[in-house]
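If you want the building blocks of each chain, they are given just below.
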Amino acid sequence: MALVELARYMHVAEANIVKGRLEAGGIMSVVFDSGVNIAEGIGIAFPARVMVLDEDADEARAILAEDVSL
């Protein structure tokens, strides 16, 4: 059971929204590197990575492809 990177986000809030969408769809996920950008504005930024199990990656991509706009 290996974790794979599903997506990267420059803002942790976006990564956490995606995590919530995935979990609502039954996919467990983890956000890596969420505490790296503590000092914003210093010119260096590391994206937060949303990780899922390899066997869930295709279903997770399908969930993210769904249009959730009103």
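Rules behind the numbers
Residues numbered from 1 in each chain as written. Predicted model: local features only at pLDDT ≥ 70, side-chain atom pairs only at ≥ 80, totals over all residues. Heavy atoms only, no water. Helix = DSSP H or I, 4+ residues; strand = E, 2+ residues; numbered from the N terminus. Buried < 20%, exposed > 50% of the residue type's maximum accessible area, 1.4 Å probe, protein only. Contact = heavy atoms within 4.5 Å. Pairing = 2+ DSSP bridges. Axes fitted to C-alpha atoms, helices over the stretch in contact; angles between N-to-C directions.

Caption draft 1: Layout of the overall build of the protein chain. Scanning the protein chain from terminus to terminus reveals two helices and three strands. Buried positions account for 27% of the 70 residues belonging to the protein chain. For the protein chain, contacts bridging at least 24 residues in sequence account for 66% of all contacts bridging at least 6.

Caption draft 2: View of the pairing of strand S2 (residues 29–32). Alternating positions in S2 separate cleanly, Ser29 and Val31 being buried on one face and Val30 and Phe32 remaining unburied on the opposite face. Note that S2 and strand S3 (residues 48–53) share four bridges and pair antiparallel. Of the residues in S3, the one forming a bridge with Phe32 is Arg49.

Caption draft 3: Highlighting the environment of Leu64. Mapped onto the secondary structure, Leu64 falls in helix H2 (residues 57–65). On the basis of relative accessible area, Leu64 is assigned to the partly exposed category, the value being 23%. Between the C-alpha atom of Leu64 and that of Gly25, which follows or precedes it by 39 residues, the distance is 10.0 Å. Setting aside residues up to four positions removed in sequence, Leu64 forms contacts with Leu6, Tyr9, Val18, Arg21 and Leu22.

Caption draft 4: Layout of the sheet that holds S2. Pairing in this open sheet of three strands is antiparallel, and the strands run S1-S3-S2 from one edge to the other. The sheet terminates laterally at strand S1 (3–9) and S2, the two strands that pair on one side only. Mean inter-strand twist for the sheet, computed between neighbouring axes without regard to direction, equals 30°. Bridge analysis of S1 against S3 gives six bridges, and the strand direction is antiparallel. Pairing of Tyr9 across the sheet is with Ala48, part of S3. Lying on the sheet, H2 is in contact with S1 and S3; it crosses S1 at an angle near 20°.

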